[in-house]
Amino acid sequence: MSTPRIVASFAIGLVACALLASSLPPGDGSAHAQKLAEVKKKAEKKGAPKGNGQQQQEARTPFTLEDQQAAVVPGLPDARVWGESATDFARLLPQATGPWLAISGGGSDGAFGGGVLAGWSQSGNRPEFAVVTGASIGALIAPYAFLGSGYDEELRKNFTTITAADVFEDRITRESLFDDWPLKRLIEQRVTAKLLSEIAAEHRRGRRLLVATTNLDAGRRVVWNMGAIAERGDDKALKLFRDVLLASCSIPGFFSSVAIAVEANGKQFQEMHGDGTITAPFFVVPESMFAASSTTRPPVGQLYVIVNSKLSPEFRMPDRTIAGVLGRSIDVALTSALRAEIMLMYVGAQRHGIGMRVAHLDPTFNHPSRGPFDGKYMQALFDFGVEHGKKGTAFEDVLPDLSLRGSNDPR
């Protein structure tokens, strides 16, 4: 199947576009530079951890393909599976019944998904999901979506009280353009032992919380069984849970990859994991399970997908700068990747008699953004999501208009 390869080549930009393209208004390079300068000052005030940055880089222990194929997380052999393997994925299938929810990447546009969930709760019609999956910013939303309406206030705070300085520092490291130590600290503060305990309890009920990362050594998608990790309940489990969330948001080149300790064939080594959207903008099941030749029907009757992005091309004249051209290119790639993946999932769902409803950012939303993770922009976007979630207009039963004509096409 060629679509996953197409998606892989495009999806690297999911969060990056939020940092560069979506956050940089046309012709406003000076404002962007000023915003990054503000981010740097605020991050410096917070104080980077000692030993942070280039001093933390260590030589990697060599390992082979055979080691990689046999690698497991010490003490947690059921912590993850290869994301394209239907056989492996069968081990993660839920015992509980109910609808599934998949949440895409999208950087600060994740405020839309958070708002949709909160508004859905206010409508009184939000279901309990048997499975919740997340990639990139979707991975940070997923635990709260999994635990239900009681965490809507946490979602609101996560998108309306943070700034770019809570996510990254404008400082180059050995492997990234930005230093994401503030995001790591934020995850440590938000993902607590209490949160893990509640996730573990739901896992024991047969529900599943899944997060996608990309194993950069193997070049393959990895799906993490977060409930199984939470069920272990010790400090190592808490660290791994946080590391997986951070890895799923780590755009290679923009943020540093995350080292995951594993063992195989009598040796211990570390894998490099990066953004989950490198291999697909959101994850439902291995694509082969939706193929025409598949004899295995995924055990889901209703699938909901929250796409934290617009799906229509938009006319925009980028500045002839690195940030302007790269950001615009990534923005276009993002839209293409999302359209391809939604088409693939929709056709597969129809083939297997699975209902699929998609919520995506309406092209009419045009609140200005003055930079990465702009608080006023995210507040407006969260409120927009709440409004549509509450009114029941967020999700569509039909395939969204995926034509290449944009919303500003005059024809």
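Attention here is on the structure that accompanies the text. Keep in mind the model is a prediction, meaning the values are calculated, not measured.

## A look at the overall build of the protein chain
Helix and strand counts for the protein chain stand at 14 helices and ten strands. Looking at the protein chain residue by residue over its 411 residues, the buried ones come to 55%. The contacts of the protein chain with a sequence gap of at least 6 include a subset with a gap of at least 24, amounting to 80%. Entry remark: accessible area of the protein chain is about 17,200 Å², with carbon and sulfur atoms responsible for 52%.

## Quick look at the packing of aromatic side chains
This structure, assessed with the given rule, holds twelve aromatic pairs. Ring centres of Phe89 and Phe283 lie 5.6 Å apart, and the angle between their planes is 75 degrees; on these two criteria the pair is classed as edge-to-face. With Phe89 in helix H5 (residues 86-89) and Phe283 in the loop between strand S7 (267-274) and strand S8 (302-307), this pair connects stretches of sequence that are 194 residues apart. Ring centres of Phe365 and Tyr377 lie 5.8 Å apart, and the angle between their planes is 65 degrees; on these two criteria the pair is classed as edge-to-face. Taken together, the residues span a long stretch of sequence, with Phe365 in the loop between strand S9 (355-360) and helix H14 (375-391) and Tyr377 in helix H14 at a distance of twelve residues. Tyr377 matches Phe365 in its accessibility class, with the two residues each being buried. By way of ring pairs, the aromatic residues Trp120, Phe129, Tyr304 and Phe395 are connected into one cluster. Between the NZ or CZ atom of Arg220 and the centre of the ring of Trp82, over which it lies, the distance is 3.9 Å.

## Things to note about the side chain of Thr160
Structurally, the position occupied by Thr160 is in helix H8 (residues 152-160). Note on Thr160: relative accessible area 15%, which makes it buried. Here the side chain of Thr160 touches Arg156 through a polar contact of 2.6 Å, landing on its backbone oxygen. Leaving out residues up to four positions away in the same chain, Thr160 has contacts with Gln379 and Phe382.

## Comments concerning unusual backbone geometry
Phi is positive for Ser136, which is not a glycine, with a value near 60 degrees. In this structure, Ser136 sits in the loop between strand S3 (131-135) and helix H7 (137-147). Under the relative-accessibility criterion, Ser136 is labelled buried at 0%. Despite not being glycine, Asn265 shows a phi value in the positive range, around 50 degrees.

Cut-offs and rules
- Residues numbered from 1 in each chain as written.
- Predicted model: local features only at pLDDT ≥ 70, side-chain atom pairs only at ≥ 80, totals over all residues.
- Heavy atoms only, no water.
- Helix = DSSP H or I, 4+ residues; strand = E, 2+ residues; numbered from the N terminus.
- Buried < 20%, exposed > 50% of the residue type's maximum accessible area, 1.4 Å probe, protein only.
- Contact = heavy atoms within 4.5 Å.
- Areas by Shrake-Rupley, 256 points an atom, 1.4 Å probe, with all protein chains shown as cover.
- Phe/Tyr/Trp six-rings, centres within 6.5 Å; stacked < 30°, edge-to-face > 60°.
- Lys NZ or Arg CZ within 6 Å of the ring centre and 35° of its normal.
- Polar contact = N/O pair within 3.5 Å; in protein donor to acceptor, adjacent residues only side chain to side chain.

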